[in-house]
Each structure stands twice: as structure tokens, then as C-alpha cells.
Amino acid sequence: MIKVVKFGGSSVADAIQLAKVKAIIDEDPARRYVVVSAPGKRFSADNKITDLLYLCKAHMDHNIGYSQVLQVIGDRYKAIELNLGVNVNMDAELQKIDEDLRNGASSDYMASRGEYLMAKLTAAYLGYDFIDTAGLVVFDKKGRFLDEETNENLKNALDGHERAVLPGFYGSLPDGKIKTFSRGGSDITGSLVARAVGADMYENWTDVSGFLMADPRIVESPKPIEKVTYMELRELSYMGASVLHEDAVFPVRENNIPINIRNTNEPENPGTVIMADVPDESGDIITGIAGRKDFVSFGIFKNMMSSEVGFIRRVLSIFESYDVPIEHIPSGVDTISIVVPLDKVEDHIQDIIEEIERKLRVHVVLQEGIAVIATVGRGMSSRPGVSGKLFNALAEANINIKMIDQGSSEMNIIVGVDNDDFADAIRAIYNAFVTNEN
Ligand code: ADP
Ligand code: ASP
Ligand code: MG
């Protein structure tokens, strides 16, 4: 039995948290491969080490002194080293980072040092081998992740190690330079390691006792999700449930390795298990609700649009030429809307509108400030009346629906509402399907 365990930022925030980590690992000898994040917040006003590392680099780039920020980072690591009673030559490590920064180290390199130093400390504390992920987790020269090569590298490197700690979040480019995943990417590293060693379980230890049916910062004490399919989880995390990085599902799903989300501060709680198939015993219609703010919708109207061959392709190709990924395309007979995240079009909104209007001879109506909310559940597909209930709940809460889209899997219903209605809409849906059902 092999378990790969990933500990997130709050689980390694200080020596007290690391003592909990050690207790968890000591409790089960199957927990052989450990992936760590950089230290996160110890309390809500605290800083995440990763943010501070980016800040150092930003200061450097703007010719503002960075030494105070680096000092804060160094102090946190040195305190952990001291309190754990280990010696990893932290002073020398910190000095090297300072030098590298002065010699033009990249922002990715700086950010990666958070997990690098944490993995060094954790390995020393647990008595495990330290294995760097640079050179193992690899990207091509354009920065695209190389899946198969990474898998081979990790397999070979871990083969000779009974127990090891690896830093999450980063790997390297062909020239050896460091490249990170997007934020929260240590979850992906954990998943890659789990696949490479053929783990029986990928445990993802964080600060909540599993996946909850809604973001706990929006809904008060949401119901925990005991079991969820990879597919549902991917929808939820992509749509904004930030517990697990949305791309962390792929590597383990290939080999059917279950993911178990657990709470470092409440290790006796079984948390959430994510797997391919979940026996339907809960009777719940929906599994969870998640969403994100700040989308824009380009509404396009044209008589007889649906009989015009190639129309949609021509619209989409305009977005493609601006490198804009499209999230949703709700459509009617004579209308189609293209919904995209604001930050992906910000600089080109007027250009895109003009180009669509000119090339397709249509009128475009722009709506900004849209929040997109997905209500996800494998139990929805065969059940009539689910969308009616959802729309009703929003109507009763006086929330105007700006867009509706249903995934082809019939496993989710997506609605767009005003940014200002975001939290109220999630609460209304939650109450309709969860609170009032029980
Ligand atoms: P880590 O640093 O361990 O990777 P994250 O901060 O990335 O942890 O993820 C855990 C956080 O995700 C929780 O503290 C919680 O605030 C947030 N969260 C958002 N949506 C959900 C949800 N549906 N269920 C549980 N937690 C959620
Ligand atoms: N430390 C990185 C971040 O804050 C990666 C991670 O925690 O997963 O995004
Ligand atoms: Mg995370």
C-alpha cells in the first residue's frame, strides 16, 4: 500500500502545524511520499510566503529595496528550522536566493523557493529523502507541461527511494530554468507523484474537512461532501471551488487513484473521497455549487442566425485571433452570447466588438460584471424539474438571471447573474436544494 500525501500552505505554516503533519505521517506507514506547499497564512492577516516571494521580485524589478521582505521570509523559515530542531543550512540557502535575485532570477524561480525550502525542512524533520522536482517535472521551451516525460522522470527518480519529500508547484524548462504551474499548483505535483509511484490513494491535506457543498466563506457551515466523482469535482474546481487545483484531477484519474481531501487540524475526520464512480446512496440531487465573478458577455443578434452556415465559427475565430479562451456559449435561434473572463479580454474589448460588427454585420451588446455559478450533481441528469427549482429559487430571492447554460453531460446547470448578486444567488440555490430538502 502506498499513499502520496500533499500538505497545503496552512498545514506547513509553522512548526506547530508541522508537528501535526509528522503525527499524521507517523500514524500510517503507507504515507511514503510527501509533497509540500510553501508556508501559508497562520492567521487571517498573515502573509503567504509565495506572495512575499513574488513581492521581492516585483520590488527588485522596480528598483525598490526588497531586503525587508526577504528578511520576513527568511525569519519565518529560520523560526521553523529552530523550532523543529533540524539543520538544513537555512542561512546559506537564503543567501543563495538573495544572490540569485540580484543576478536576475525570474519570478517563477523566486516563487518556487517557497516550496523548495519547505521540502528541505520537512525532509529533515521526517527523516525522509529530499528529492527536487526541478529536472523531473518538465515543460517544453514554450512552457507547456510535458506529461509523459514527467511521469517517466518521476518514476525513475523515486524508484530507489522508500520515503521522500518533494516540493510542489514547480518544475523546469529544457534549459534548466525553473517554471511553476499556476497558483495552487502543488495539488498537481501531488497528483503527478501519486500516478508515478502507482499510489493506492492521493491524500490532499488542507484546512477544511473535505469538499463542502459550497464555499464556506459564502454559505454558513455548508454540508460536507462525502464522495464525489472526478467529473463533478473537475466542474466544481474549475468553476471556482478553490480547494483543489482544477488540473490535479487528470493524472490520478488516468489510473483510478482516489483523492482524499483531509483536514490537518482535524485528522480524524474522513473528509471527501473523489473517485470515478460513486454508488448513489445519498439521494442528493446536487453535489455542490461553485462560481466565479467578473465575466463579460458579448451578445450577438442576427435574424435567421441559426440557418447561416459558418456564422458561429466566424465569431469564434475572432476571439481566437485575440487568444481569448471561451467559457460559455449560450445560444438561441437568433442570438448567441460569448461569455469570457474579463481578465482575458480586458485590453481588447472594443477591438473585438468592432471586428465582429464589421465582419459579420451584426450588433453586439456587451454586458460586464457577470458572475457565473455552476450547480453540479450527477443526480441531476435523470431528474425532471431541477432547473425549474433552481430558477424559482433565484426568482424568489429577486435575482435576475442574465444567462443560462447547461453542460452536455446534464450534470451541471450554469447561470450568469450580476456580480453583486453572486453570494446571494449561491445562498439561494443552496437553501433550495440542501437546507429545505432536509
Ligand atoms: P491549501 O493551502 O491547503 O492548498 P487552499 O486554500 O488552496 O488550501 O484550499 C482550501 C480552502 O478552499 C478552504 O480554506 C476554503 O476557504 C476554500 N473553499 C472554497 N470552496 C470550498 C468548498 N466548496 N469546500 C471547501 N473549501 C472551499
Ligand atoms: N505556494 C503556491 C501558491 O501559493 C502553490 C500552492 O500552494 O499550491 O499558489
Ligand atoms: Mg491549494
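Conventions and cut-offs
Residues numbered from 1 in each chain as written. Chains lettered and ligands numbered in written order. Predicted model: local features only at pLDDT ≥ 70, side-chain atom pairs only at ≥ 80, totals over all residues. Heavy atoms only, no water. Near = heavy atom within 4 Å. Polar contact = N/O pair within 3.5 Å; in protein donor to acceptor, adjacent residues only side chain to side chain. Areas by Shrake-Rupley, 256 points an atom, 1.4 Å probe, with all protein chains shown as cover. 1 Å grid on protein atoms, 1.4 Å probe; cavity = no way out; pocket = protein on both sides within 12 Å on 5 of 7 lines; lining within 4 Å. Sits in = over half its atoms within 2 Å of the grid points. Nonpolar A, V, L, I, M, F, W, Y, C, P; charged D, E, K, R; others polar. Axes fitted to C-alpha atoms, helices over the stretch in contact; angles between N-to-C directions. Helix = DSSP H or I, 4+ residues; strand = E, 2+ residues; numbered from the N terminus. Parallel < 35°, antiparallel > 145°, perpendicular 65-115°, else oblique. Left-handed = near helix turned anticlockwise from the far one by under 90°. Contact = heavy atoms within 4.5 Å. Buried < 20%, exposed > 50% of the residue type's maximum accessible area, 1.4 Å probe, protein only. Arc of directions from axis to C-beta. Pairing = 2+ DSSP bridges. Salt bridge = Lys/Arg side-chain N within 4 Å of Asp/Glu carboxyl O. Patch = residues over 30% accessible without salt bridge, like charges linked within 9 Å, V, L, I, M, F, W, Y side chains within 5 Å. Lys, Arg positive; Asp, Glu negative; His and termini not counted. Charge placed at Lys NZ, Arg CZ, Asp CG, Glu CD. Phe/Tyr/Trp six-rings, centres within 6.5 Å; stacked < 30°, edge-to-face > 60°. Lys NZ or Arg CZ within 6 Å of the ring centre and 35° of its normal.

Draft legend 1. Layout of the site of ligand 1. In the vicinity of ligand 1 lie 16 residues, with Lys6, Gly9, Thr206, Asp207 and Leu212 positioned nearest. Contacts to ligand 1 include Leu212, whose backbone N or O atom sits 2.9 Å from a nitrogen atom. Notes on ligand 1: free accessible area 570 Å², of which the protein chains cover 84%. According to the grid-proximity analysis, the pocket containing ligand 1 is the largest pocket. In terms of residue class, the shell around ligand 1 is made up of 7 nonpolar, 5 polar and 4 charged.

Draft legend 2. Fine view of the packing of helix α13 (residues 386-396) against helix α14 (residues 422-433). α14 packs onto α13 with a crossing angle of 130° between their chain directions and a minimal axis gap of 9 Å. With respect to α14, the axis of α13 lies oblique. As for the relative orientation of α13 and α14, their crossing is right-handed in sense. Here α13 contributes Val386, Lys389, Leu390, Ala393 and Leu394 to the contact with α14, which in turn contributes Ala425, Ala428, Ile429, Ala432 and Phe433. Here the contact of α13 with α14 is built from residues that sort into 9 nonpolar, no polar and 1 charged.

Draft legend 3. Examining the site of ligand 2 more closely. Around ligand 2 sit Ser37, Thr50, Glu115, Phe169, Arg183, Gly184, Gly185 and Ser186, and that is every residue in its neighbourhood. In this structure, Arg183 approaches ligand 2 through a side-chain N or O atom, which is 2.7 Å from an oxygen atom. In this structure, Gly185 approaches ligand 2 through a main-chain N or O atom, which is 3.4 Å from an oxygen atom. Notes on ligand 2: free accessible area 260 Å², of which the protein chains cover 90%. Structurally, ligand 2 is housed in the largest pocket. For the shell around ligand 2, the per-class residue count stands at 1 nonpolar, 5 polar and 2 charged.

Draft legend 4. Structural context of α13. Along α13, the positions that sit buried rather than exposed are Val386, Leu390, Ala393 and Leu394. Looking straight down α13, one finds its buried side chains confined to an arc of 95°; they lie on one side. Residues of α13 that are buried sit in contact with β13 (363-376), β15 (412-418) and α14. Directly after α13, the chain includes Asn398, whose backbone phi takes a positive value near 65°.

Draft legend 5. Representation of the sheet that holds strand β3 (residues 129-130) in the model. In space, the 8 strands of this open sheet follow the order β3-β4-β2-β1-β7-β9-β10-β8, with mixed pairing throughout. At either margin of the open sheet sits one strand with a lone partner, and together these are β3 and β8 (227-229). Relative to strand β9 (residues 259-263), strand β7 (residues 201-206) is paired through 5 bridges, and the arrangement is parallel. When the bridges of β9 are listed, Trp205 appears paired with Arg262.

Draft legend 6. Examining the pattern of salt bridges more closely. One pass over the structure, following the stated rule, counts 26 salt bridges. Between Asp46 and Arg42 there is a salt bridge; the shortest N-O distance is 2.6 Å. Using a relative accessible area of 9% as the deciding quantity, one classes Asp46 as buried. With a shortest N-O distance of 3.1 Å, Arg427 and Asp424 are connected by a salt bridge. In this pair, Arg427 and Asp424 are both assigned in helix α14, 3 residues apart and thus about one turn of the helix distant. Given the relative accessible area of 33%, Arg427 is considered partly exposed. Through salt bridges with shared partners, one network takes in Lys3, Glu27, Asp28, Arg31 and Glu203.

Draft legend 7. Here's a closer look at a negative patch on the surface. On the surface, Asp294, Asp343, Glu346 and Asp347 cluster together into a patch of negative charge. Here Asp347 lies in the loop between α11 (342-345) and α12 (349-360). When its relative accessible area of 68% is taken as the criterion, Asp347 is described as exposed.

Draft legend 8. Focus on the packing of aromatic side chains. For the coordinates displayed, the defined rule picks out 6 aromatic pairs. Look at Phe139 and Phe145: their rings are 5.7 Å apart centre to centre, the planes differ by 65°, and that puts the pair in the edge-to-face class. A relative accessible area of 28% means that Phe145 is categorised as partly exposed. On the numbers, 5.1 Å between centres and 80° between planes, the contact of Phe298 with Phe319 is edge-to-face. Taken as a pair, Phe298 in strand β11 (residues 288-301) and Phe319 in helix α10 (residues 311-321) lie far apart in primary sequence, 21 residues in all. In this structure, Phe298 and Phe319 share a single accessibility class: buried. Linked through ring pairs, Phe139, Phe145 and Phe181 together constitute an aromatic cluster. Across the ring face of Phe130, the terminal group of Lys120 is positioned such that the distance to the ring centre comes to 4.9 Å. Positioned above the aromatic ring of Tyr238, the side-chain terminus of Arg292 is 5.3 Å from the ring centre.

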